[in-house]
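Here is how the chains run, residue by residue.
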Amino acid sequence: MPGMIWLSHPLVVLLLVALLGAVLLGATVLFWRQAPARSKIPRAQKRREEALRRMAALAERLRQQEPELDPKPILELPLEMLVQKMLADELSLESVLCSYLEEGHDSSCGLAQFLEKPAAKDGVIVKVLKAQGAIPFVKTNISQTLQSYDCSNPIYGQTLNPQNLKKTPGGSSGGEGALLAEGGSILGMGTDTGGSIRIPASFCGVCGIRVTGYRLSYSGVASAVKGRKAGITVAGPLARDVESLALCLRALLSEHMHRLDPTTPFLPFREQVYSSNRPLRIGYYESDGFTQPSPSMARAVKLTSRLLRDAGHQVIPFSVPRTEYAFFHLYQGTLFADGGATLLEKLQGDIVDPSMKNTVNSLRLPDSLKRFLAWIWKYIEPRVSQIFEMLCGVGTPKKLWELHQAVEEYQQEFIAKWRSLDLDVLLSPALDPAFYIGYPAKANTSISYLALYNLLNFPAGVVPVTTVTPQDEKELAFYKGYYRDSSDKNFLEAVRGSVGLSVAVQCIALPWEEELCLRFMKEVETLVKNQMEPK
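Reading guide: rules and limits
Residues numbered from 1 in each chain as written. Predicted model: local features only at pLDDT ≥ 70, side-chain atom pairs only at ≥ 80, totals over all residues. Heavy atoms only, no water. pLDDT = per-residue confidence, 0-100. Contact = heavy atoms within 4.5 Å. Pairing = 2+ DSSP bridges. Helix = DSSP H or I, 4+ residues; strand = E, 2+ residues; numbered from the N terminus. Axes fitted to C-alpha atoms, helices over the stretch in contact; angles between N-to-C directions. Salt bridge = Lys/Arg side-chain N within 4 Å of Asp/Glu carboxyl O. Buried < 20%, exposed > 50% of the residue type's maximum accessible area, 1.4 Å probe, protein only. Patch = residues over 30% accessible without salt bridge, like charges linked within 9 Å, V, L, I, M, F, W, Y side chains within 5 Å. Areas by Shrake-Rupley, 256 points an atom, 1.4 Å probe, with all protein chains shown as cover. Core = buried A, V, L, I, M, F, W, Y, C linked by side-chain atoms within 4.5 Å. Phe/Tyr/Trp six-rings, centres within 6.5 Å; stacked < 30°, edge-to-face > 60°. Lys NZ or Arg CZ within 6 Å of the ring centre and 35° of its normal.

Student: Summarise the confidence of the model for the protein chain; cite the residues concerned and give the values.
Tutor: Within the protein chain, residue pLDDT values average 86, and 85% of them lie at 70 or more. Overall, residues 1-33 carries pLDDT values under 50, and its contacts beyond four positions in sequence, including any with other chains, amount to 25 contacts. Across residues 105-111, confidence stays below pLDDT 50; counting only partners more than four residues off in sequence or on other chains, it has 40 contacts.

Here you go:
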């Protein structure tokens, strides 16, 4: 195994002996520091149980008011139709609330230190949605620190994928994806740093979109790490269909949001762009040249590009420039620009979730040891080497400025290539099918298809288009990966046994073109639906 190779190096053995002593001493300190965390977690779990009991009692009272209520037809209604029926008094607020019911509390980010500190007021997005008549009724589970694309934390545990209980719903907004997929909600909000909206949507078979940074207010949104100027975290909606996403953005992109948060530009939803039916010029790629797509990922893009071409759109091949450089040096570089210091600060005194242990343990190593390990792994697994290099951080303000300059230059390079082909939008694989629980931490480079558009700050959404077939499963026998390293092998293991699970594609537009992105997503959704309907 690769780990055995570098452990056999004599100098590494000596370093590990010294490190072991430090770890044992640190473990004693951490155990003492974790005491407050351990006392908060049972109280949070108890509050959740009490909330569930109150929910059940309220639901029972509402059922007694409407004993003939059948919630199934209500739960099956798309958001747009549900709104219409409520406005026409065909459905009462009580009957809808009885069908979708819970209460929310702390915004913990999966961290014990955020417990028992509920927000004093609603965030801007919640205020705007409430003013439009929305009723927030449940807070769902997320990954610890929001930095993992699994969905587990030491407070509330592991969320499961409704399509297969051995699989993760994705993360960090995995609770939203799971609840929507199971029919327990009709619209949810998540955040996205490297795919945290799009991965759960893709894994669970629903729709989701990350918007351009600052198009939606981030004021009042809990976050473990704030302040990044590149690869920023953004908010966005998840829903069971594209029209529900559009309805949500229509409500949010208002003068009201701009008044509450003047740092958010007043750019109302452009209905004429979303409703246009002009043919599109669409770029597409089946692979980014960095993460070999699973057979179902590649087939989903082929299927979708064929449907788009048959519908009269122009479909043009596109190749992503310098993916490895973009992912490691730019995306990972900005993510860990401070060497993980802010992240580790938030985890002080907390219990580290298994989904975060590899990252946290690596960040806690001295920079000198990280650089040494990067040198060792350079000759074994180059991608592991680059991870250790990035975990050291940028070092100085000047280097941070240079990193931001490099991000801007890459963005302009990508846009120039886009415009040279005169594209309207871009089609790419998402990340599919859902991984087995625990595997996101073992194949963390696989998010390259999603993280690229956080780096570029492009709006990007996912739409389910197919499911894994037995043929897709057979073709995994030929999957090797482009690097043939541990990440590629773990990706292969993560996606096995997935027949019947959802597979999505990703729809991308240039910055501030959310309406065009949604229009593209809607076109894909409609074409796929028409293909599935009996002729």
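Student: Any chance you could break down the sheet that holds strand β6 (residues 281-284) for me, citing the residues and the numbers?
Tutor: The strand order across the open sheet formed by eight strands is β3-β5-β4-β9-β10-β8-β6-β7, and the pairing between neighbours is mixed. At either margin of the open sheet sits one strand with a lone partner, and together these are β3 (187-192) and β7 (314-317). Going across the sheet, the axis of each strand differs from the next one's by a mean of 30 degrees, ignoring polarity. Relative to strand β8 (residues 425-429), β6 runs parallel, the two sharing three bridges.

Student: A description of the pattern of salt bridges should follow, citing residues and the corresponding values.
Tutor: All chains considered together, the criterion is met by 19 salt bridges. Linking Arg-215 and Glu-515 is a salt bridge whose minimum nitrogen-to-oxygen distance equals 2.8 Å. Of the two residues, Arg-215 is situated in the loop between β4 (207-210) and β5 (234-239) and Glu-515 in helix α22 (residues 514-532); the sequence distance between them amounts to 300 residues. For Arg-215, a relative accessible area of 2% gives the class buried. Take Glu-515: its relative accessible area is 0%, and that puts it in the buried class. Two residues, Lys-398 and Glu-402, come together in a salt bridge whose shortest N-O distance is 2.5 Å. Here Lys-398 pairs with Glu-402, and both are found in helix α18 (residues 397-420), just four residues apart, close to one helical turn. Its relative accessible area of 57% is what places Lys-398 among the exposed residues. In this structure Glu-402 comes out as partly exposed when scored by relative accessible area, which is 36%. Among the charged side chains, a salt-bridge network with shared partners connects Arg-215, Arg-270, Glu-513, Glu-514 and Glu-515.

Student: Tell me about the pairing of β4, and name the residues and values.
Tutor: Because side chains alternate across β4, one face comprises the buried residues Cys-207 and Ile-209, and the other comprises Gly-208 and Arg-210, equally buried. In terms of strand pairing, β4 meets β5 through two bridges, oriented antiparallel. Bridge pairing in β5 places Gly-208 opposite Leu-238. Looking at chain direction, β4 and strand β9 (residues 460-467) are connected through three bridges and run antiparallel. Residue pairing for β9: Arg-210 is matched across the bridge by Ala-460.

Student: Give me a nonpolar patch on the surface: which residues, what numbers.
Tutor: A surface patch of nonpolar side chains, about 250 Å² in accessible area, is lined by Leu-160, Leu-165 and Ile-437. With a relative accessible area of 56%, Leu-165 lands in the exposed category.

Student: Requested: an account of the side chain of Ser-173, with residues and values cited.
Tutor: Topologically, Ser-173 is positioned in the loop between β2 (157-158) and α7 (174-181). For Ser-173, a relative accessible area of 4% gives the class buried. Not counting chain neighbours up to four residues away, the residues in contact with Ser-173 comprise Asn-141, Ile-142, Gly-190, Thr-191, Ser-196, Ile-197 and Pro-200.

Student: Describe in detail the nonpolar core, supporting the description with residues and values.
Tutor: Phe-414, Leu-431, Phe-435, Tyr-453 and Leu-518 are the most contacted members of the largest nonpolar core, which has 107 residues in total. Examining the composition of this core, we find that eight residues originate from one element, α22, more than from any other. Once residues within four sequence positions are removed from consideration, Leu-518 is found in contact with Ile-209, Val-242, Leu-245, Ala-246, Leu-249, Phe-269 and Tyr-274. Counting nine residues, the second-largest nonpolar core is a separate cluster that includes Ala-374, Ile-376, Val-384 and Phe-388.

Student: Describe unusual backbone geometry, listing the residues and the values that go with them.
Tutor: In this chain, Gly-171 is followed by Ser-172 through a cis amide linkage whose omega measures 10 degrees. Residue position: Ser-172 is located in the loop between β2 and α7. In the segment running from Asp-432 into Pro-433, the intervening peptide bond is cis, with an omega of -15 degrees. Turning to its location among the elements, Pro-433 is positioned in the loop between β8 and α19 (448-456). Positive phi values are uncommon outside glycine, yet Arg-322 reaches one of about 45 degrees. Within the secondary structure, Arg-322 sits in the loop between β7 and α13 (323-335). Overall, Arg-322 belongs to the partly exposed group, its relative accessible area being 42%.

Student: Hey, could you go over the environment of Leu-450 for me, with residue numbers and the actual values?
Tutor: Positionally, Leu-450 belongs in helix α19. For Leu-450 and Val-462, which are 12 residues apart along the polypeptide, the C-alpha to C-alpha distance reads 9.8 Å. Not counting chain neighbours up to four residues away, the residues in contact with Leu-450 comprise Gly-194, Gly-195, Arg-198, Ile-199, Ala-430, Leu-431 and Gln-506.

Student: Describe the packing of aromatic side chains, naming the residues involved and giving the relevant values.
Tutor: Going through the model one piece at a time under the given rule, you end up with 20 aromatic pairs. Centre to centre, the rings of Tyr-149 and Phe-435 are 5.8 Å apart; their planes meet at 65 degrees, and the pair counts as edge-to-face. Within this pair, whereas Tyr-149 is found in the loop between α6 (124-131) and β1 (152-153), its partner Phe-435 is found in the loop between β8 and α19, the two being separated by 286 residues in sequence. A relative accessible area of 7% places Tyr-149 in the buried class. The buried category is assigned to Phe-435, whose relative accessible area is 0%. Judged by centre distance (5.4 Å) and plane angle (40 degrees), the rings of Phe-290 and Phe-327 are tilted. Here Phe-290, found in the loop between β6 and α12 (295-310), pairs with Phe-327, found in helix α13; they are 37 residues apart in sequence, far enough to count as distant. Here the basic side chain of Lys-167 rests over the ring of Tyr-436, its NZ or CZ set 3.9 Å away from the ring centre. Above the ring of Phe-318, the side-chain terminus of Lys-417 is found at 5.6 Å from the ring centroid.

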